[in-house]
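So you can see what is in the structure, the chains are spelled out below.
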Amino acid sequence: MWRITVEADGIRLAAAAAPADPLPIDQRLNALERDIAQFPAALWLIDASSIPLLSSEAIAILIGISRTISTNGGRLVLARPTASVAAVLRATRLTRLLPLMPDFDAARQALRALTSTN
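Residues numbered from 1 in each chain as written. Predicted model: local features only at pLDDT ≥ 70, side-chain atom pairs only at ≥ 80, totals over all residues. Heavy atoms only, no water.

Asks: Before we move on, could you go through the packing of helix α1 (residues 25–37) against helix α2 (residues 56–71) and cite the residues and values that matter?
Replies: Running from amino to carboxyl end, α1 crosses α2 at an angle of 10 degrees, the nearest separation of the two axes being 9 Å. Between α1 and α2, the angle falls in the class roughly parallel. On α2, the residues that touch Ile25, Asp26, Leu29, Asn30, Leu32, Glu33 and Ile36 of α1 are Glu57, Ala58, Ile61, Leu62, Gly64, Ile65 and Ile69. In terms of residue class, the contact of α1 with α2 is built from 9 nonpolar, 2 polar and 3 charged. (Axes fitted to C-alpha atoms, helices over the stretch in contact; angles between N-to-C directions. Helix = DSSP H or I, 4+ residues; strand = E, 2+ residues; numbered from the N terminus. Parallel < 35°, antiparallel > 145°, perpendicular 65-115°, else oblique. Contact = heavy atoms within 4.5 Å. Nonpolar A, V, L, I, M, F, W, Y, C, P; charged D, E, K, R; others polar.)

See below:
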């Protein structure tokens, strides 16, 4: 469901293993949550481009992922969100908890900045 790669600087990039995954997003995010639970103190960059829409359940899972990571000293940034996902997260004012970046480079810079301030 998710392909996790560890980059040279230690950032863990989570990207959809198959862009057209037929499983509902809630199930895919639950799988990601289990993957993240193995390394919750890491720096996580989630490629959100494969998340077409957010249900209330998907939002709850993302909030849980963010809390797990932050509680353990890790950091999380979502990169390349679809327009609808970005709009929902902005409208619900969750972008402080789930920071959005337009691309991978901006997401990496944001993770480094979050790490250097704490």
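Asks: Account for the pairing of strand β3 (residues 43–47), with residues named and values stated.
Replies: Counting buried positions along β3 gives 5 out of 5 residues, so the element sits mostly inside the fold. Here β3 shows two buried faces, one formed by Leu43, Leu45 and Asp47 and the other by Trp44 and Ile46. Direction of pairing for strand β2 (residues 11–16) relative to β3: parallel, over a ladder of 4 bridges. Paired with Ile11 across the bridge in β3 is Leu43. Two elements, β3 and strand β4 (residues 75–79), share 5 bridges in a ladder whose sense is parallel. The residue bridging Asp47 from the neighbouring strand is Ala79, located in β4. (Buried < 20%, exposed > 50% of the residue type's maximum accessible area, 1.4 Å probe, protein only. Pairing = 2+ DSSP bridges.)

Asks: Summarise the side chain of Ser50; cite the residues concerned and give the values.
Replies: With respect to the helices, strands and loops of the structure, Ser50 is situated in the loop between β3 and α2. Not counting residues up to four positions away in its chain, the partners in contact with Ser50 are Trp2, Ala16, Ile25 and Arg28.

Asks: Help me get a handle on the sheet that holds β3, residues and values and all.
Replies: Ordered by their spatial adjacency, 5 strands build an open sheet running β1-β2-β3-β4-β5, and the pairing between neighbours is mixed. The two strands at the open ends of the sheet, each matched to only one other strand, are β1 (2–6) and β5 (100–101). Pairing between β4 and β5: 2 bridges, direction parallel. Among the inter-strand pairings, Ala79 is bridged to a residue of β5, identified as Met101. Sheet strands touched by α1: β1, β2 and β3. Its angle to β1, the strand with the most contacts, is close to 30 degrees. Lying over the sheet, helix α4 (residues 104–116) contacts β2, β3, β4 and β5, oriented at roughly 165 degrees with respect to β4.

Asks: Hey, could you go over the pairing of β4 for me, with residue numbers and the actual values?
Replies: Most of β4 sits out of view: 4 of its 5 residues are buried. Once the chain exits β3 it traverses α2 before rejoining the sheet at β4, and the crossover so formed is right-handed. Crossover β4 to β5 through helix α3 (residues 83–91) is right-handed. (Right-handed = clockwise from strand over helix to strand, strands pointing away.)

Asks: How would you explain the pattern of salt bridges if you had to name every residue and give the values?
Replies: Counting across every chain of the model gives 4 salt bridges. Of the charged contacts in the structure, one is a salt bridge between Arg112 and Asp9, with a shortest N-O distance of 2.8 Å. Within this pair, whereas Arg112 is found in helix α4, its partner Asp9 is found in the loop between β1 and β2, the two being separated by 103 residues in sequence. Look at Arg112 and you get partly exposed, because its relative accessible area is 43%. For Asp105, the salt bridge identified is with Arg108, shortest N-O distance 3.6 Å. Of the two residues, Asp105 and Arg108 are both situated in helix α4; the distance of 3 residues between them amounts to about one turn of the helix. Here the residues in one salt-bridge network are Glu7, Asp105 and Arg108, joined through shared partners. (Salt bridge = Lys/Arg side-chain N within 4 Å of Asp/Glu carboxyl O.)

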